[in-house]
2 protein chains.
Amino acid sequence: MARPAKLPDAPPQPAEPVGRDALRALILEKAGRIVAEEGLPAVQARRLAAEGNCAVGTLYNIFGDRDGLILAVNRETMADLGRPLEAARKAAAGGPLETRLLALALAYTAFALQNRNRWLAVFEFRLPDDAALPADFEAERARLLSLLEETIGPDVANAAQRRIAARALFGAAHGILHLAVNNRLSDFDAGAVEREIRFIVKAAAAGMLKRA
Amino acid sequence: MARPAKLPDAPPQPAEPVGRDALRALILEKAGRIVAEEGLPAVQARRLAAEGNCAVGTLYNIFGDRDGLILAVNRETMADLGRPLEAARKAAAGGPLETRLLALALAYTAFALQNRNRWLAVFEFRLPDDAALPADFEAERARLLSLLEETIGPDVANAAQRRIAARALFGAAHGILHLAVNNRLSDFDAGAVEREIRFIVKAAAAGMLKRA
């Protein structure tokens, strides 16, 4: 057959296939649900690709590998946590230090207990030692810590001290909660958790003001 | 051949074979070293039986199963922890609350950092939900918490409050340490850990005295 006339240039392809963002969001939503209902080990690329009606290769193209997928799921969890924390911070703003800190600590506790598997996944997933965290994951982590630093804000003038205080107060509330959820000191007791959280926040806030 | 005369009764057998306690101690020592050098997953019955020059059946006879073996190893770690904690408690006895609590917190931190894998194993090993902890393990855990309650002792008169305070203070120090060792807030920084531990102990102690 005769050579065809020169074809017109194909219309420019979009930089990303239409729907990539939507597919990413869909996969993350499904993965989050799997973590919540079955725990982190149940998150597998093949299963998610099937549920998301895409090729495993497409999934890896979006997330890199299973570690990348899990980090993305954990980042979503951290973003979800940010919302009640920010709401608590706003609601308590202008109140005394103890009230402001307690609002955050109790919001954190409520989130952890209502989203136990997703919350545990954030703290139990480990990357290989030589791997670096994605920038957006580190940004989310920094954002959450900043929220606490801002909450402390006016009551600790020195920025470096405020950073230490934020890390210590977060570590304290988290430690009490994490031990409780894992039944480390005794069988899980939500009342005891709240009493312990209230104790440490009230004592630390009083001590911070005393020594300021 | 003629029936033999009635044999004398055999001498009574000891309730346990000679050396069972020694074998148990040997296996625990080797298992502790494997955890320290290679981590908990490397603890396997077959390997330990070979290293202990006994049958796998004998090992299971002593420990029940692998879970029982690991609980026993973890209990040894807790007993090892008890010694520097008790020494710190004695050394700081009679001093002010902050000094007494800081002595324990820093001794706990030092132990965790110097025995990282064995310490992590205590908090990362999980029994099936329906399984009960052995009595000796629960006793060791109670002993360590009592140590902290006694340290708080004179400064919180109410026993129930003292128990809450002990659990909260332990959770706080543990949480700061555990997050740091697992690089959760940032890359591991021993200086930052110590500053955060000092911050929470000083603030909480000051607040406890203020509110008493």
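Residues numbered from 1 in each chain as written. Chains lettered and ligands numbered in written order. Predicted model: local features only at pLDDT ≥ 70, side-chain atom pairs only at ≥ 80, totals over all residues. Heavy atoms only, no water.

1. A short note on the interface of chain A and chain B
Counted only if it meets this: Working rule for contacts: check all heavy atoms of both residues, and any pair within 4.5 Å makes them a contact. When two components associate, each loses some accessible surface as probed by a 1.4 Å sphere; the sum of these losses over both components is called the buried area. A pair is scored as a salt bridge if a Lys or Arg side-chain nitrogen falls within 4 Å of a carboxyl oxygen belonging to Asp or Glu. Pairs of N or O atoms within 3.5 Å make up the polar contacts considered here, provided that, within protein, one atom can donate a hydrogen while the other can accept it, and that residues adjacent in sequence are counted only when both atoms are side-chain atoms. Here the nonpolar group is Ala, Val, Leu, Ile, Met, Phe, Trp, Tyr, Cys and Pro; Asp, Glu, Lys and Arg are the charged ones; every other residue, Gly included, is treated as polar.
The interface of chain A with chain B comprises 40 residues on the first partner and 40 residues on the second. Buried area between chain A and chain B, summed over both chains or domains, comes out near 3,600 Å², and the portion from carbon and sulfur atoms is 62%. Taken together, the links from chain A to chain B amount to four salt bridges. The salt bridge partner of Arg-126 of chain A is Glu-124 of chain B, with a shortest N-O separation of 3.9 Å. Counting across the interface, chain A meets chain B through 18 residue pairs in polar contact (both at pLDDT 80 or more). For the side of chain A that touches chain B, the class distribution of residues is 21 nonpolar, nine polar and 10 charged.

2. Some points on the relation of the copies chain A and chain B
Note the threshold: A least-squares fit on C-alpha atoms brings the copies together, and the residues used are those whose pLDDT is at least 70 in both copies.
Superposition of chain A onto chain B requires a rotation of 180° combined with a translation of 0.0 Å along the rotation axis, giving an RMSD of 0.0 Å. Read as a symmetry element, the transformation amounts to a two-fold axis. With an isologous cut-off of 70% or more, the 100% of interface residues of chain A that recur at the interface of chain B puts this contact in the isologous class.

3. Some points on helix 8 (residues 159-181) of chain A
All names here are of chain A. Rules: A helix here means a DSSP run of H or I that spans at least four residues, while a strand means a run of E at least two residues long, and both kinds are numbered starting from the N terminus. In this analysis, the expected span of each helix is defined as 1.5 Å times one less than the number of residues it contains. Any residue under 20% of the maximum accessible area for its type is buried, any over 50% is exposed, and the rest in between are partly exposed; the area is computed with a 1.4 Å probe on protein chains only.
Taking 1.5 Å as the rise per residue, helix 8 with 23 residues should run 33 Å; its terminal C-alpha atoms sit 33 Å apart, in good agreement. Of all 23 residues in helix 8, 19 are buried; the element is thus mostly enclosed. A distance of 2.9 Å separates the backbone nitrogen of Ala-160 from a side-chain oxygen at the start of helix 8, and that oxygen is part of Asn-158.

4. A word on the packing of helix 4 (residues 66-92) of chain B against helix 5 (residues 97-114) of chain B
Residues and elements named next belong to chain B. Here is the rule: Axis definition: a line fitted to C-alpha atoms, limited for helices to the stretch in contact. Angles are taken between N-to-C directions and run from 0 to 180 degrees. Any angle from 65 to 115 degrees is called roughly perpendicular, while one under 35 is roughly parallel, one over 145 is roughly antiparallel, and all others are oblique. Take the far helix as your reference; a near helix turned counterclockwise from it by less than a right angle gives a left-handed crossing, and one turned clockwise gives a right-handed crossing.
Viewed as axis vectors pointing N to C, helix 4 and helix 5 meet at an angle of 150°, and their least axial separation amounts to 9 Å. Here helix 4 is positioned roughly antiparallel relative to helix 5, judged by the angle of their axes. In the crossing of helix 4 with helix 5, the sense of the turn from one axis to the other is right-handed. Note on element contacts: helix 5 touches helix 4 through Thr-99, Arg-100, Ala-103, Leu-104, Ala-107, Tyr-108 and Phe-111, opposite Thr-77, Asp-80, Leu-81, Pro-84, Leu-85, Ala-88, Arg-89 and Ala-92.

5. Considerations on the domain arrangement of chain A
Residue and element names in this part refer to chain A. We apply this condition: The split of the chain into domains comes from an automatic or database domain assignment.
Considered domain by domain, chain A is made up of domain 1 (17-64) and domain 2 (75-211). The centre of domain 1, based on its C-alpha atoms, is set 29 Å off from the matching centre of domain 2. Between domain 1 and domain 2, the contact holds eight residues from the first and five residues from the second. Between domain 1 and domain 2, a total of about 470 Å² is buried, with carbon and sulfur atoms accounting for 70% of that surface. Run the count over domain 1 and domain 2 and you get zero salt bridges. Taken together, domain 1 and domain 2 are joined by two residue pairs in polar contact (both at pLDDT 80 or more). Of the residues assigned to the side of domain 1 that touches domain 2, the class counts are four nonpolar, two polar and two charged.

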